[in-house]
Amino acid sequence: MAHTYDLLVIGFGKAGKTIAMKRAKAGDSVALIERDPQMYGGTCINIACIPTKTLLVDADRHRRASAGAAGPAEAAAAFARSQEHRDGFIAKLNAANLKMVADAGVEVVVGEAHFVGPHAVAVDTAEGVVRMSAPRIVVNTGSAAFRPDLPGIDSPRVFDSTSIQHIEHLPAQLAIVGGGPIGLEFATLFSAYGTKVTLLETAARPLSRFDEDVASCAADVLRARGVEFVCQARTQRFEDVDGAVRVVLEDGRSVVADAALVAVGRRPEVAALDVAAAGIELTERGAIKVDEHLRTSVEGVWAAGDVNGGPQFTYVSFDDHRVILADAWPEVYPGLAGRSTAGRTVPTTTFLEPPLATVGVSEEQAAASGRPYAVRKAPIASLAVMPRPKILGESEGMAKFIVDTETDLILGAALLCTDAQELINTVAVCMAHGVSATELGQGIYTHPSSSEVFNALLG
């Protein structure tokens, strides 16, 4: 017999667990299906945002404390302590998430779910197959590191963004395939321990998705840490050689390192779901196809987070939960009326040191749009009214704003500076609610604070 619920959630991600708890507290019968007990809380908590940022903070503390003078043994010991710190912290968060969901009245089922109909799933558990159904289903299975089909990629010296966090020995040399946010963050992390990092980028220049001035500044910060960029580099294969790995490029160049990290993006986790059995459509890129209300092609089934092909950020998944609540239970959540994914203002941060945060359009995009705009930018070190970075000894970087000259509205921003991950949220709120550049620039901010960058460039 099938177990029937008011709501089924497949995957313990940010959106899914939040919807599950809210609906259980409201009196619905809710089951949350998760295939891996090590993933209670979702990707962000267990293998992505939180563990990697924990490692990054520890790495930066080591770099500052040692002032670059730590020997290989000392650096290796510090890295091992950081891994232990990461594991202990994540284990606590994992357990806390399970307790939080269970305390809300959600039934947690451990097993691999696959659809057997539009509103029914079969779950392979340790006790056998369990059939479950509900009129409403939320798919929140996230994404996994993409591993291209390249010869030698199964070498024990080739890692992805999850396995590299538990690498047994701190590598003296690390080759990173992929110059996106994941590759850049791990380059920052390992270089802090003295690892010689070579970052292989397919584009013609580093950080190619950013304006050239911002990218150049960020690349210089990384080079000062010992990171080498190799551009127009397309990997052909990996070879094990004398206790190391050789990354061979299509043009014949190669890089030899103790380890290689493949960081070329993540793919939606849909393979095990058998969505065809439910009639759920996929996009050309293999994500679950959704509309602006996150509805799938099957009525009563929604997809949230990475699995729907949207921006791969846990905070976007959190907003997805609002969109789904507004659509599935409009009478219960009138404050969310009209919520959708259309026109969302989504800030991003790549956690370099200092962080690089962006929102809105780049200068290149603004120019291509044909609308009138002005650029307001400056190196952080030149901003006398913003002393906090200098106090912290972190005056590298730059700030850049794109402003519509007709409306005085902020079109975009790129901040490479201390506290950029916080500052960008303020800019995003201003953009979402029509606060002008002048209004932001004439705000009263505590001193010394990084927020004074707004006074400096927009006031």
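Cut-off values and rules
- Residues numbered from 1 in each chain as written.
- Predicted model: local features only at pLDDT ≥ 70, side-chain atom pairs only at ≥ 80, totals over all residues.
- Heavy atoms only, no water.
- Phe/Tyr/Trp six-rings, centres within 6.5 Å; stacked < 30°, edge-to-face > 60°.
- Helix = DSSP H or I, 4+ residues; strand = E, 2+ residues; numbered from the N terminus.
- Buried < 20%, exposed > 50% of the residue type's maximum accessible area, 1.4 Å probe, protein only.
- 1 Å grid on protein atoms, 1.4 Å probe; cavity = no way out; pocket = protein on both sides within 12 Å on 5 of 7 lines; lining within 4 Å.
- Points joined across faces, edges and corners; volume = space filled by probe spheres on them.
- Nonpolar A, V, L, I, M, F, W, Y, C, P; charged D, E, K, R; others polar.
- Pairing = 2+ DSSP bridges.
- Contact = heavy atoms within 4.5 Å.
- Axes fitted to C-alpha atoms, helices over the stretch in contact; angles between N-to-C directions.
- Salt bridge = Lys/Arg side-chain N within 4 Å of Asp/Glu carboxyl O.
- Polar contact = N/O pair within 3.5 Å; in protein donor to acceptor, adjacent residues only side chain to side chain.

Explain the packing of aromatic side chains here, please?
Note on aromatic pairs: each is described by the distance of the centres and the angle between the planes. By the definition in use, this model includes seven aromatic pairs. With a centroid separation of 5.4 Å and an interplanar angle of 70°, the aromatic rings of Phe 79 and Tyr 193 are classed as edge-to-face. Of this pair, Phe 79 sits in helix 4 (residues 72–103) while Tyr 193 sits in the loop between helix 5 (181–191) and strand 12 (196–200); the two residues are 114 residues apart in sequence, bridging distant segments of the chain. In terms of burial, Phe 79 and Tyr 193 fall into one category: buried. Seen from their ring centres, Phe 401 and Phe 454 are 6.2 Å apart, and the 65° between their planes marks the pair as edge-to-face. Of the two residues, Phe 401 sits in strand 23 (residues 398–404) while Phe 454 sits in helix 12 (residues 452–458), which places them 53 residues apart along the sequence.

Honestly, the layout of surface pockets in this entry has me stumped. Any pointers?
To find the voids left in a structure, one rolls a probe of water-molecule size over its atoms. Space inside the second largest pocket adds up to approximately 460 Å³. Around the second largest pocket, the lining comprises 17 residues; the ones closest to its centre are Asp 319, Arg 339, Arg 344, Thr 345 and Ala 432. Of all the secondary structure elements, the ones that give two or more residues to the lining of the second largest pocket are helix 7 (314–328) and helix 10 (420–432). Looking at side-chain class alone, the lining of the second largest pocket contains eight nonpolar, five polar and four charged residues.

Just checking my understanding: could you explain the sheet that holds strand 11 (residues 173–177) for this structure?
Note: strands within a sheet are paired through backbone hydrogen bonds, in either parallel or antiparallel orientation. Pairing is parallel across the open sheet formed by five strands, whose spatial order is 10-17-11-12-13. Of all the strands in the sheet, just strand 10 (158–159) and strand 13 (227–230) have a single pairing partner and so form its edges. Of the strand pairs in this sheet, strand 11 and strand 17 (residues 259–262) are connected by four bridges, and their pairing is parallel. Residue Ile 176 lies in a different strand from strand 17, and its bridge partner there is Leu 261. The strands touched by helix 5 within the sheet are strand 11, strand 12, strand 13 and strand 17, with strand 12 carrying the most contacts at an inclination of about 170°.

I keep staring at the pattern of salt bridges and nothing clicks. Help me out?
Pairing between side chains of opposite charge can happen when the charged atoms of each approach one another. Counted under the stated rule, the structure contains 32 salt bridges. In this structure, Arg 63 engages Asp 60 in a salt bridge whose closest nitrogen and oxygen atoms are separated by 2.9 Å. Here Arg 63 pairs with Asp 60, and both are found in helix 3 (residues 49–66), just three residues apart, close to one helical turn. Overall, Arg 63 belongs to the partly exposed group, its relative accessible area being 27%. Asp 60 gets classed as buried once you look at its relative accessible area, which sits at 11%. Taken together, the shared-partner salt bridges in this structure form one network comprising Asp 60, Arg 63, Arg 64, Glu 353 and Glu 394.

I tried to follow the side chain of Ser 449 on my own but got confused; where do I start?
Tracing the backbone shows Ser 449 in the loop between helix 11 (437–441) and helix 12. By relative accessible area, Ser 449 is classed as buried at 9%. One polar contact links the side chain of Ser 449 to the main-chain carbonyl oxygen of Thr 446, over a distance of 2.5 Å. Ignoring anything within four residues of it in the chain, the contact list for Ser 449 reads Met 386 and Arg 388.

Hey, could you run me through the sheet that holds strand 23 in this one?
The strand order 20-21-24-23-22 describes an open sheet built from five strands, whose pairing is antiparallel. Where the open sheet ends on each side, the last strands, each with one partner, are strand 20 (348–350) and strand 22 (373–379). Strand-to-strand twist in this sheet, taken as the mean axis angle between neighbours without regard to direction, amounts to 10°. Bridge analysis of strand 23 against strand 24 (residues 410–416) gives six bridges, and the strand direction is antiparallel. When the bridges of strand 24 are listed, Lys 400 appears paired with Ala 414.

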